[in-house]
Amino acid sequence: MAATRVEPRAREIFSTLEYGPVPESHACALAWLDTHDRLLGHYVNGKWQKPEHRNAASCQDPVTGENLATFLQAQEKDVGAAVQAARTAFESWSQLPGTTRAQYLTRLAKMIQKHLRLLWTLESLFTGRAVREIRDGDIPLAQQLLQYHAIQAHIQEEALADWEPMGVVGLILPPTFSFMDMMWRVCPALAVGCTVVALVPPSSPTPLLLAQLAGELSPFPGILNVLSGPTSLAPALVSWPGVQKVVFCGAVEEGRALRRSLAGKGATLGLALGTESLLLLTDSADVDSAVEGVVDAAWSDRSPGGLRLLIQESVWDEAVRRLQGRMGRLRSGRGLDGAVDMGTRGAAAHDLAQCYVREAQSQGGEVFQAGDIPSNNPFFPPTLISGLPPAAPCFQAEVPWPVVVAFPFRTAKEALALANGTPRGGSASVWSERLGQALELGYRLLAGTVWINAHGLQDPAVPIGGCKESGSSWHGGPDGLYEYLRPLGTPPQPPYFCESLNYDTFGLAVPSTLPAELEIGSSPEPPYGLFVGGRFQAPGARSSRPIQDSSGNLHGYVAEGGAKDIRGAVEAAHQAAPGWAVQSPASRASLLWALAAALERRTPALVSRLERQGAELKAARAEVELSVRRLRKWGAQVQAQGHTPQVAGLKGPVLRLREPLGVLAIVCPNEWPLLAFVSLLAPALAHGNAVVLVPSETCPLLALEVCQDMASLCPAGLVNVVTGDRDHLTRCLALHQDIQALWYFGSAQGSQFVEWASAGNLKPVWVNGGSLRAWDQQTEGAGPELGLRAARTKALWVPMGD
Amino acid sequence: SLCRALLSPPDLSWISRAQVNQPAVLRRAEQVQARQAVKKAWQAAWLLKAVTFIDLTTLSGDDTSSNVQRLCYKAKYPIREDLLKALNMHDKGITTAAVCVYPARVCDAVKALKAAGCDIPVASGETRGYGRCHPNPHGIGWEHLQKEIRQFRKASGDARVKTILATGELGSLTNVYKASLVAMMAGSDFIKTSTGKETVNATLPVAIVMLRAIRDFFWKTGTKVGFKPAGGIRTAKDALVWLSLVKEELGDEWLTPELFRIGASSLLSDIERQIYHHVTGRYAAYHDLPMS
């Protein structure tokens, strides 16, 4: 018989039946760090770069405080070199057939398969997250992501024929991110043919390792470049030509600052902000399962942030009792221990949670903490806060990890009001066994993802995004692909940044207008006023502006709109929006077709106005005719919206809903006074939005002409047209906090201002950067891009089973 | 304990309100399974504990006195003495919780156990007052089912009543929850998943629902009802999952042979193999360990 090893502790454990440590060996992670002499630089163009004279940031084990490695912080010229490498790689990478890119992504997935333990131990070692979640959750998902996007690349020429890759994508990640945040964005970008420069915090080696794995495979090593450095390098990143898109995920305030600092720089900005989630527990729910949902949402290392928990009054006691019982059984400890539920997120996350809890306590909240937690600093116990009065500042603030703030509600209606009453719109779950109630809540919650009787499910085929201040960028599914594509044949936008633009004074005052000479109008004038709330109203300023025709003569007077008129128009639009949003596609289509018919009847008047603006008869006729066609086209397309992605491992559908944005503000270009107006209006209405429009500044009369028909056809307030000084009206719209999206087609400076001002409520904006658009062309005037921008996606998960 | 549940009138509104969300329970079951709760010394101690929960079972048509005798000997000495010594556990009196045989073999078992000089209980279908209820509540209603179980309860006097739920035939997890409640309200001391002889037996989702019902019943009445999964539990790893499931859902108080049993036949030999490996650092050959 073999020699025996004596175990003294078994006796003791036999009587206590306690859990023991399940240590995960991280020798391979340390060995990998040793091959780099514990000094990590940047991975650029397929090579490790360790430039000299750079600031070094040392990174400690979040639990033991032991020094793990030193990271070199990038400087502007390192960023430049990385962007240059990505640009060079883009030239060949984007030209490859999709099938070749697909093969490459598949090979990368296989490569990851060979280094699983290295990946999960490295990630857990540095982030402190529970290795179980990384090993069983993140890594398999990373492989699925690569496979899903390989398939998308394979069928790209067929499925996305009208699109082309944007160019170099800059990816900026915050200090508290998991490498999955990177995978969700890198995979679609590479799949469609973009190349990536990722700026990661100098405390995460996993992205560097991934870049190394990718670089070793590819004949184009520059497709994925990773730099360690602070977020403050973002403006330097976009200042290099070729960077067409910047993607950021992180804290809301950082996102806001980034939005402001990138205004006018020419790169599109995709923001995914905040980490708070929401859980709605109704009285018909399976409470025990909902409690597990809360654990998934806040007290596991699956979740990124804290949770707002709404519990129906009648099950409050039962739910809180179960929650508290469950909290007592949670185990926290070193992430590399396979038996812990919660690791640590480092000192910063600890202090943030501590600060929030103290404040909540001082504002009247009751704090309950439990769980098997080591007492030393980086660990924070699972925390449940209740009894916080709605007026407390903590009520509105974002809930940090691992805190759950519970509120009672009486009816589903009240729950909706509470849930939608925050500036955040990320993810939410609804727990109810009543189908009707669950769907009602699922549809009406303002959030990017809603799970019914589940929380935190993810799949590469299902888009994840948000609304309101959670940002409007998407990852996963088709929406994730469009983030890195632009319509085929449209040139990349040149930068339109103007150093001297004064944000405080842009469009602040309206230049006063002098009374001009007498009107000489042949055709009957449209009614005078602003078209607001379904009728023509006198402007608040009680003044007018003269409109000249192409030969410099006075064509007519239009009302001079101002801040108060914009306010009124937005209010009117908000009143009309809910009714329009729930209209059936058929009735939306019939309204658009009725408008088309009305426009057609008005052809002679419209043509003669266009002629006075200098258009030739033939061109004028064509413009009117095309406008009519556009209305019909979007009317017909209303039906084709949303679809159901197939999800592996889930029984039941996931609905990809296309929901209206709400109130959409549109500033029309000066050129194509009728066609551009109609081309922008039609998709907005077709997708269920209420609209506030500023028509062509130089020739608003055509739009007002159309308003006469809208007065009789559209519900009051659905379309509001405010004429006046474009810069001034743009300022009012861009700074308005209750407008859900803004499209701007004007000057370069106006575009820059709109981007800067949108940081206020983080509304998605679409600007032309001062360049002209071919409104008469199919792609730019009526392409799928308009439809994509006119609605937002919501993923509604409906697991089934009995 | 006999009189307690009998006195309380059935609370049928509780039963009708009960809701179990099947997909969510399945996800929970997956999570529980994916965990490797214990390793090394902890694993060995947990496995030895698991031995004390086992109802060592043989329910084959060809059982004879000789293999029942062997089974009883194994129940008395479930783990090789030298392995227990190595773990310093030889004086803990580790035996299985009970022996389960067909009624016809009860005499053999009692005789064998007496010969071995131990008091391990013998369980069997009729002799110990087991009863099979109508497994289908759909046709007869929960109230009727409760009455039926109550009659078994009365007939068994002071004996302990264990109610087997034919969980595979109940149709839905909500019904499993309701049936568990009905069985407990009618005075069962133990509730048990369907046996290894049925097509669907001890699955984790079913167990989660039954354990939650036991906890809810305890919260409401203060009575602790026992739980016995049976069928399909064959490996040491399975046993660890079941232990940690009970620990998670009900707490340590339920981890005693009075409240938790595992019905199994081949589980014990796998546990012994794991203990062998833990002690010696080697994997055992079949002939290294005595058969049951």
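- Going by what an unreviewed UniProt entry lists, chain B is known as deoxyribose-phosphate aldolase and is assigned to Jaculus jaculus.
- The UniProt entry for chain B carries the following comment under Catalytic activity (unreviewed entry): "2-deoxy-D-ribose 5-phosphate = D-glyceraldehyde 3-phosphate + acetaldehyde".
- Its UniProt record, at the heading Sequence similarities (unreviewed entry), says of chain B: "Belongs to the DeoC/FbaB aldolase family. DeoC type 2 subfamily."

Overview of the overall build of chain B
Okay, so step 1: A count of helices and strands for chain B gives 13 helices and seven strands.
Okay, so step 2: Classification of the 292 residues of chain B by burial places 58% in the buried group.
Okay, so step 3: Of the contacts made within chain B by residues no fewer than 6 positions apart, 76% connect residues no fewer than 24 positions apart.

Some remarks on the overall build of chain A
Okay, so step 1: A count of helical and extended segments in chain A gives 28 helices and 30 strands.
Okay, so step 2: Seen through its principal axes, chain A has C-alpha atoms that stretch 110 × 60 × 45 Å.
Okay, so step 3: Counting over 802 residues, chain A shows a buried share of 61%.
Okay, so step 4: For chain A, restricting intrachain contacts to residue pairs at least 6 apart in sequence, the fraction spanning at least 24 positions comes to 76%.
Okay, so step 5: When the accessible surface of chain A is summed, it comes to about 29,200 Å², and 54% of that surface belongs to carbon and sulfur atoms.
Okay, so step 6: Within chain A, one finds 66 positive and 75 negative side-chain charges whose respective centroids are separated by 2 Å.

Looking at the interface of chain B and chain A
Okay, so step 1: Tallying the contact residues gives 52 residues for chain B and 45 residues for chain A.
Okay, so step 2: Regarding the contact of chain B and chain A, the summed buried area is about 4,500 Å², with carbon and sulfur atoms giving 52% of it.
Okay, so step 3: A per-residue breakdown of the area chain B buries against chain A is headed by B:Trp42, B:Trp219 and B:Glu248, which together make up 15% of the total.
Okay, so step 4: Residue A:Asp288 pairs with B:Arg215 through a salt bridge whose shortest N-O separation is 2.3 Å.

Observations concerning the sheet that holds strand β5 (residues 67–72) of chain A
Okay, so step 1: In space, the three strands of this open sheet follow the order β1-β5-β4 (chain A), with mixed pairing throughout. In this open sheet, the two edge strands, each paired with only one partner strand, are β1 (39–40) and β4 (56–60) of chain A.

With respect to the sheet that holds strand β16 (residues 403–409) of chain A
Hydrogen bonding along the main chain pairs the strands of a sheet, whether they run parallel or antiparallel.
All names here are of chain A.
Okay, so step 1: On the basis of which strands lie adjacent, the open sheet formed by nine strands has the order β14-β15-β16-β13-β12-β17-β18-β30-β24 and mixed pairing. In this open sheet, the two strands that pair with only one neighbour each are β14 (366–369) and β24 (654–660). Direction aside, the axes of adjacent strands within the sheet are offset by 20 degrees on average.
Okay, so step 2: Bridge count for β24 against strand β30 (residues 791–797) is seven bridges, and the pairing is antiparallel. Looking at β30, one finds that Glu-659 is bridged to Arg-792.

Describing the pattern of salt bridges
Okay, so step 1: According to the stated counting rule, one finds 57 salt bridges over all chains in the structure shown.
Okay, so step 2: Across the pair B:Arg80 and B:Asp82 runs a salt bridge whose closest N-O atoms are separated by 3.0 Å.
Okay, so step 3: By relative accessible area, B:Asp82 is classed as partly exposed at 28%.
Okay, so step 4: A cluster of three or more residues bridged by salt bridges with shared partners is formed by A:Asp288, A:Glu292, A:Glu318, A:Arg322, A:Arg326, B:Arg28, B:Arg212, B:Arg215, B:Asp216, B:Glu248 and B:Glu249.

What to know about the nonpolar core
As a rule of thumb, soluble globular proteins bury nonpolar side chains together.
Okay, so step 1: Core analysis: the biggest nonpolar cluster contains 99 residues, and B:Leu48, B:Phe227, B:Trp242, B:Phe260, B:Ile271 and B:Ile275 have the highest contact counts within it.
Okay, so step 2: For B:Ile275, the residues in contact, after removing those within four places along its chain, are B:Ala44, B:Leu47, B:Leu48, B:Ile79, B:Leu83 and B:Leu87.
Okay, so step 3: Core analysis: the second largest hydrophobic core is formed by 91 residues, A:Tyr496, A:Ala596, A:Val694 and A:Cys707 among them.

Brief notes about helix α25 (residues 726–735) of chain A
An α-helical segment advances 3.6 residues per turn. Residues three or four places apart therefore align on the same side.
All names here are of chain A.
Okay, so step 1: Counting buried positions over the 10 residues of α25 gives eight, a clear majority of the element.
Okay, so step 2: Residues of α25 that are buried: Arg-726, His-728, Leu-729, Thr-730, Arg-731, Cys-732, Leu-733 and Ala-734.
Okay, so step 3: At its buried positions, α25 is contacted by α19 (563–581), β25 (663–667), β26 (690–694), β28 (741–744) and α26 (748–757).

Quick look at the UniProt feature "active site" (unreviewed entry) in chain B
Residue and element names in this part refer to chain B.
Okay, so step 1: Per the UniProt record, "active site" (unreviewed entry) is annotated on Lys-192 and Lys-228. Taken together, the annotated residues stretch across 37 residues yet fold into one region, lying no more than 4.5 Å apart by C-alpha.
Okay, so step 2: Note that Lys-192 resides in strand β5 (residues 190–192).
Okay, so step 3: Under the relative-accessibility criterion, Lys-192 is labelled buried at 5%.
Okay, so step 4: Summarising the element assignment, Lys-228 is placed in strand β6 (residues 226–228).
Okay, so step 5: A residue is classified by how much of its surface remains accessible, and Lys-228, at 3% relative accessible area, is buried.

Re the packing of aromatic side chains
Okay, so step 1: Tallied over the entire structure, the rule returns 21 aromatic pairs over all chains.
Okay, so step 2: Judged by centre distance (6.3 Å) and plane angle (65 degrees), the rings of A:Trp93 and A:Phe220 are edge-to-face. Taken together, the residues span a long stretch of sequence, with A:Trp93 in helix α3 (residues 76–93) and A:Phe220 in the loop between α9 (206–217) and β9 (224–228) at a distance of 127 residues.
Okay, so step 3: Here the aromatic rings of B:Phe218 and B:Trp254 are separated by 5.4 Å at their centres, their planes lie at 80 degrees, and the arrangement is edge-to-face. Here B:Phe218, found in helix α11 (residues 204–221), pairs with B:Trp254, found in the loop between α12 (236–249) and β7 (262–264); they are 36 residues apart in sequence, far enough to count as distant.
Okay, so step 4: On the basis of relative accessible area, B:Phe218 is assigned to the partly exposed category, the value being 23%.

A short note on the packing of helix α3 (residues 22–34) of chain B against α12(B)
All names here are of chain B.
Okay, so step 1: Relative to each other, α3 and α12 sit at 120 degrees, their axes nearing to 9 Å. Considering their axes alone, α3 and α12 lie oblique with respect to each other. Note on packing geometry: the crossing formed by α3 with α12 is right-handed. Between α3, through Arg-28, Val-32 and Gln-33, and α12, the contact on the second element is made entirely by Val-241, Ser-244, Leu-245, Glu-248 and Glu-249.
Okay, so step 2: Across the contact of α3 with α12, the residue classes tally to three nonpolar, two polar and three charged.

Reading guide: rules and limits
Residues numbered from 1 in each chain as written. Chains lettered and ligands numbered in written order. Predicted model: local features only at pLDDT ≥ 70, side-chain atom pairs only at ≥ 80, totals over all residues. Heavy atoms only, no water. UniProt positions renumbered as here; feature names shortened; annotations may be inferred. Helix = DSSP H or I, 4+ residues; strand = E, 2+ residues; numbered from the N terminus. Buried < 20%, exposed > 50% of the residue type's maximum accessible area, 1.4 Å probe, protein only. Contact = heavy atoms within 4.5 Å. Areas by Shrake-Rupley, 256 points an atom, 1.4 Å probe, with all protein chains shown as cover. Lys, Arg positive; Asp, Glu negative; His and termini not counted. Charge placed at Lys NZ, Arg CZ, Asp CG, Glu CD. Buried area = accessible area lost by both parts, 1.4 Å probe. Salt bridge = Lys/Arg side-chain N within 4 Å of Asp/Glu carboxyl O. Pairing = 2+ DSSP bridges. Axes fitted to C-alpha atoms, helices over the stretch in contact; angles between N-to-C directions. Core = buried A, V, L, I, M, F, W, Y, C linked by side-chain atoms within 4.5 Å. Phe/Tyr/Trp six-rings, centres within 6.5 Å; stacked < 30°, edge-to-face > 60°. Parallel < 35°, antiparallel > 145°, perpendicular 65-115°, else oblique. Left-handed = near helix turned anticlockwise from the far one by under 90°. Nonpolar A, V, L, I, M, F, W, Y, C, P; charged D, E, K, R; others polar.

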